[in-house]
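Tertiary structure, described
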Amino acid sequence: MWLGLFSFPVFSAPPVFSFTEFNIAFVLGLSIPVLVIVAVMKPVVEVKWWFPALITASLLGMLYASLYLSTYQVLGMLSCAMIFLVLLCLWLVKSSAEFNGGKLSIATNTMASCALVYLVALWLLPTIDAYIAWAAFAGLILCLAGYCYWLLVKNTAIKVYRVVFQWLLCLMFVVTMFMWLNTKLDILWLVVAAVLSYLVALINGCWLLVERLLAIEPVQENTESVSVEDMHSLTHDPATNLPSYQQVLYTLENTIKLKSKSELAVIVFKPINFQQVNSVLGHHNSDILLLQLAYCLQQKMSENSHLINFGPKLQPARIARLHSLNFVAVLDLSHSHHPNETLISDICQQLSAAVPDAMSFKSFSLNFDLSFGIAIMGEHGNNVSEVIAHAGDALLEGEKNQHKLSYFDNKSILFAEQQLLQMERLKEDVSNENLRWYLQPQIGLSDHSLKGFELKVHWYNNSDSPLELEAFIATAEHSGDIYLLTKHMIKQAFKGIYFLQKQGVYQPVSVNLLSKHILEPDLVDFIELQIKTFNVPAKYLLIELTEEVMLSASDRAKSIIDQLKSLDVGISIDGFSGSYESLRYLRKMSISQVKIDCQQLDVNSQSRADKAIINALINLTRNMKLPLIGTNIDSADAERAFSAMGGEFAQGQHINRGFVIDELEIWLENWFKQYPPRKV
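This one's a predicted model, so the numbers in the text were calculated from it and none came from an experiment. (Residues numbered from 1 in each chain as written. Predicted model: local features only at pLDDT ≥ 70, side-chain atom pairs only at ≥ 80, totals over all residues. Heavy atoms only, no water.)

**Considering the overall build of the protein chain**
- Broken down by element type, the protein chain carries 22 helices and 16 strands.
- Within the protein chain, the fraction of its 680 residues that count as buried is 46%.
- Taking the contacts inside the protein chain whose residues are at least 6 apart along the sequence as the reference set, 70% of them involve residues at least 24 apart.
- Of the roughly 36400 Å² of accessible surface on the protein chain, 57% is carried by carbon and sulfur atoms. (Helix = DSSP H or I, 4+ residues; strand = E, 2+ residues; numbered from the N terminus. Buried < 20%, exposed > 50% of the residue type's maximum accessible area, 1.4 Å probe, protein only. Contact = heavy atoms within 4.5 Å. Areas by Shrake-Rupley, 256 points an atom, 1.4 Å probe, with all protein chains shown as cover.)

Laid out in structure tokens, this is it:
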């Protein structure tokens, strides 16, 4: 097959055909079976048969003009070459029917227009410079073809190397034609470039044809037709007999296709006090009440033509069922001149009015109320499922703030993106241990003796102002890094205990665990490992649990606390409030220490009640003989007030800001110089 591209000297006899004539025969012999196959396959798969026919005709025309034309040889060759080039570029694009975007159509139409302008100028303007015109128009067509190929690669599954190879061969053909016009190359090279481009174009075209044939699903015989009942069950919710979420998506997508300028408001709503029905009646019986509610809503709104119909025309369905207790209605805003908010509010009022005053099942009766979340297509997203999700988010936000009607706020998208970015940064910093650890001392107010230390951590989050653990603990929980962060904290605490004892200071170091999710069996094993690694007594580690975490801990978490105590690890309660539950817990467990928040003791605080509570807690812990640490002593006034109430040990910014573990030796030396320890 490739012999037609090259000429070989024969010494016995002169060649019968010239090189160009041989390639004319080669192209004819190759194109006829290809065209026959395309014609046969046309009823099976959609194919543009006239592309290979015209490409073959234009190539044969160019080769014929180079051999047999004398007067208009150059004009004929250039005309056929331009048609050949444009068809080569367009065939691959037009054969990819899976993508036909607006930009692609503009580019292909521009290519065809450039070719037409070139042909008109070539024949009607005899003074035109053929070399410059070919270079300009062919170069522009190549640029447009490159842009079309880039769109194909970006939006379809076509392989990159196929379009790149096709484009490079077209470029080679354009350059070869330009060199031939300038008598820099022989006609043989032009023939080779043209036939090579033709061969690759045929391969690409046949390749696409085979892919389409393979993509055709075989027709299965003896398949049973889907009944109306089966189709209804596929598109409707079985509990409420309303259209399902998939039916809503299908209907709205078709509506948008048919009405490009339609304005749609998605209203997601739910009965806000229905959860108690499930707990009282169970899900099976509560579905009966839910069916009653759905029926009343559907009957009331079925004739409202402003709502999108999710069912057949004869039996319109204006309400659909989403997941859980959520329902949806979609309002078409394009047919009214009233403000959108007025129309939406009116529909929500109609839906609320459609709910019966009291719904009952046997002896159980309950009044229902609806809550609404609104998102508008275009304003709050362009994708149907996305807008429905945003309306659901608005409903959740309204429930949280106890608002009956709530619109989606685009700022929440930005907030969510910022939260995700923050979680990614924290995950990276926790993995790389890119956190700032330091120890804050707990001091006796009367003699400045050391009572212990609390391990603190700062995370900078790409900003100058650090975040303390309380500020980013929720981010760590959501990102799944809370357990790894806790392990780092415990390891740093043991490191601090080790260095303290090397300096002859035997005081505990406390670690504040703010999340109950870290109370897992692995935590006990990890602490045991650190005890062996650093070879320090476990009693110098204090695990601080907030009162909220401790009281909400599960039985398994409480057993883990017991295991920690069996290792001789101390347990401290942070944020002690003196509540009945916390006091009952204290009676059950041997607590090493309690902490109370003394932030309200600052002179600027006007809350006398809070100060009275702190005073009562100090007296309570003294009577119970519990070691007490006052936290957040951040000013001299707070220190004086705490001391006057009988507080003995404190920590805070005013007492001492703290120091990094690597500077522990220097800090202790300076501290003991300023406050020498009492000799026992």
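**With respect to the pairing of strand β13 (residues 570-574)**
- In terms of residue burial, β13 counts as a mostly covered element, since five of its five residues are buried.
- Along β13, one buried face is formed by G570, S572 and D574 and the opposite face, lined by I571 and I573, is buried too.
- Taken together, the five bridges between strand β12 (residues 541-546) and β13 define a ladder with parallel strand orientation. Within β13, the position partnered with T546 by the bridge is D574.
- Across two bridges, the pairing between β13 and strand β14 (residues 593-597) is parallel. (Pairing = 2+ DSSP bridges.)

**Regarding the sheet that holds strand β6 (residues 370-376)**
- Strand order in the open sheet formed by five strands is β2-β3-β1-β6-β7, and the pairing between neighbours is mixed. At either end of the open sheet lies a strand with only one pairing partner, and these are β2 (320-321) and β7 (405-407).
- With two bridges joining them, β2 and strand β3 (residues 327-332) adopt antiparallel strand pairing. Within the sheet, the bridge partner assigned to A320 lies in β3 and is V328.
- Set on the sheet, helix α11 (residues 340-354) makes contact with β1 (264-271), β3, β6 and β7; between it and β6 the angle comes to about 150°.
- Against the sheet, helix α12 (residues 384-400) engages β1, β6 and β7, with an angle of about 140° to β6. (Axes fitted to C-alpha atoms, helices over the stretch in contact; angles between N-to-C directions.)

**Remarks on empty space enclosed by the protein**
- The tally for this structure, following the rule as stated, stands at three cavities of 30 Å³ or more.
- Residue lining of the second largest cavity: E454, L455, K456, V457, E468, L469, E470, M489, N512 and L514, and that is the complete set.
- Of the residues belonging to the lining of the second largest cavity, the class tally is five nonpolar, one polar and four charged. (1 Å grid on protein atoms, 1.4 Å probe; cavity = no way out; pocket = protein on both sides within 12 Å on 5 of 7 lines; lining within 4 Å. Points joined across faces, edges and corners; volume = space filled by probe spheres on them. Nonpolar A, V, L, I, M, F, W, Y, C, P; charged D, E, K, R; others polar.)

**Focus: the packing of aromatic side chains**
- Per the stated rule, a full pass over the model turns up 17 aromatic pairs.
- Here Y498 and F534 contribute two aromatic rings whose centre-to-centre distance is 6.2 Å and whose plane-to-plane angle is 55°, an arrangement assigned as tilted. Of the two residues, Y498 sits in helix α15 (residues 482-502) while F534 sits in helix α16 (residues 521-534), which places them 36 residues apart along the sequence.
- Judged by its relative accessible area of 34%, Y498 is partly exposed.
- F534 gets classed as buried once you look at its relative accessible area, which sits at 17%.
- With 5.1 Å between their ring centres and 15° between their planes, W667 and W671 make a pair best called stacked. With W667 and W671 both in helix α22 (residues 664-674) and four residues apart, this pair spans about one turn of that helix. In this pair, the class of W667 matches that of W671, namely buried.
- Ring-pair connections join several aromatic residues into one group, and the members of that group are F84, Y118, W134, F137 and F173.
- Seen from the ring of F649, K451 lies directly overhead, with NZ or CZ sitting 4.9 Å from the centre. (Phe/Tyr/Trp six-rings, centres within 6.5 Å; stacked < 30°, edge-to-face > 60°. Lys NZ or Arg CZ within 6 Å of the ring centre and 35° of its normal.)

**A closer look at the environment of L500**
- One can find L500 in helix α15.
- In this structure the C-alpha to C-alpha distance between L500 and L668, which are 168 residues apart in sequence, comes to 8.9 Å.

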